[in-house]
Amino acid sequence: MTKEGKCIVLGAGGHAAVVLDAIQATGDVQVVGILDPEPNRWNTDWLGFPIVGNDDELDSLWERGVTHFVVGLAQVGPSPLRRTLFERAVRAGLKPYSVLHPAAIVSPHARSEDGVQALAGAIINPRAHVARGAIINTGAVIEHDVVVEPFAHIAPRACVCGGAVIGEGAFVGAGAVIIQGVRVGKKATVGSGAVVVHDVPDEVTVCGVPARRK
């Protein structure tokens, strides 16, 4: 398969390892290096890939032939770091690479924007809309007509039922269930295993069955 470009991965932690596996499984982009903030990791190999420096390298990567980037950090809670890195890489002239694992099921009638990550076992059903930079993690389910707004993170095995909306930058924890038609607000957090039966306001944390404000 012809490689469509050269890609840099931002971050060298657990989520980055999963993302690298997914990229290798697709085989359509070449990972040429990883950026990480820890100086003691620079000029070493990690999972067979070189760690070539920190985020300050971004501004020169385009001139060195790098075309794409992937943010290898998993947002947990309302941290803006993923979005900050994403936007910095775009300003440096790099294109966001969408990581769609071959074992993910993405309906041809779903809409997926730039930089989305749909990892192994994830399901995105018809008429769903997954926006820029969102993560649909391992085994998560996005049902029909769901909207996942930019930079939201749906953690492993979470299920978002039909017509629900996950707000920008929100986090839905592992194994949580969002029932149909509910809206989870911007930068809200849904705890692992929670069952959300009512709308969640912006920047609020809920947990439990049924989910209540923490």
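It should be emphasised that the depicted structure is a prediction, and the values quoted were computed from it without experimental measurement.

A. Looking closely at unusual backbone geometry. Geometrically, the link from Val209 to Pro210 is a cis peptide bond, its omega value of -10° lying close to zero. Here Pro210 is to be found in the loop between β24 (205–207) and β25 (212–213). Positive phi outside glycine occurs at Phe151, with the angle close to 65°. With respect to the helices and strands, Phe151 occurs in the loop between β15 (147–148) and β16 (153–154). One non-glycine residue, Arg157, lies in the positive phi region at around 65°. For Arg157, the position within the fold is in the loop between β16 and β17 (159–160). With a relative accessible area of 66%, Arg157 lands in the exposed category.

B. Main features of the pairing of strand β5 (residues 68–71). Residues His68 and Val70 of β5 are buried on one face, and the alternating residues Phe69 and Val71, pointing to the opposite face, are buried as well. Looking at chain direction, strand β1 (residues 6–10) and β5 are connected through 4 bridges and run parallel. Note that in β5 the partner of Leu10 across the bridge is Val71. In this sheet, strand β6 (residues 95–96) lies alongside β5 in parallel orientation, the contact comprising 2 bridges. Bridged to His68 within β6 is Lys95. Viewed along the sheet, the connection from β5 through helix α3 (residues 81–91) into β6 turns out right-handed.

C. Here's a closer look at the pattern of salt bridges. The full count for this structure, using the stated rule, is 8 salt bridges. Arg83 serves as the salt-bridge partner of Glu87, at 2.9 Å between the closest nitrogen and oxygen. A residue pair is termed a helical-turn pair when its members lie 3 or 4 positions apart in one helix, as Glu87 and Arg83 do in helix α3 at 4 residues. Arg83 is the partner of Glu168 in a salt bridge, and the nearest nitrogen-oxygen pair spans 2.0 Å. With Glu168 in the loop between β18 (165–166) and β19 (171–172) and Arg83 in helix α3, this residue pair connects regions lying 85 residues apart in the sequence.

D. The sheet that holds β1, seen in detail. Spatially, the 6 strands line up as an open sheet ordered β3-β4-β2-β1-β5-β6, and their pairing is mixed. Pairing within the sheet leaves two strands with one partner each, and these edge strands are β3 (44–46) and β6. Against the sheet, α3 makes contact with β1, β5 and β6, and its axis sits at roughly 175° relative to β5, the strand it touches most.

E. Spotlight on the nonpolar core. Ile136, Ile142, Val148, Ile154, Ile166, Ile178 and Val190 are the most contacted members of the largest nonpolar core, which totals 34 residues. If we ignore the near neighbours within four places in the chain, the residues touching Val148 are His129, Val130, Ala131, Ala134, Ile136, Ile142, Ile154 and Ile166. Core analysis: the next-biggest nonpolar cluster, separate from the first, contains 18 residues, Cys7, Val9, Ala12 and Ile51 among them.

F. Structural view of the sheet that holds strand β8 (residues 105–106). The 6 strands lie next to each other as β8-β11-β14-β17-β20-β23, forming an open sheet whose pairing is parallel. Each edge of the open sheet is held by one strand with a lone partner, namely β8 and β23 (195–196). Pairing of β17 with strand β20 (residues 177–178), which is carried by 2 bridges, proceeds in the parallel orientation. Residue pairing across strands places Cys159 opposite Val177, the latter belonging to β20.

Conventions we followed
Residues numbered from 1 in each chain as written. Predicted model: local features only at pLDDT ≥ 70, side-chain atom pairs only at ≥ 80, totals over all residues. Heavy atoms only, no water. Helix = DSSP H or I, 4+ residues; strand = E, 2+ residues; numbered from the N terminus. Buried < 20%, exposed > 50% of the residue type's maximum accessible area, 1.4 Å probe, protein only. Pairing = 2+ DSSP bridges. Right-handed = clockwise from strand over helix to strand, strands pointing away. Salt bridge = Lys/Arg side-chain N within 4 Å of Asp/Glu carboxyl O. Contact = heavy atoms within 4.5 Å. Axes fitted to C-alpha atoms, helices over the stretch in contact; angles between N-to-C directions. Core = buried A, V, L, I, M, F, W, Y, C linked by side-chain atoms within 4.5 Å.

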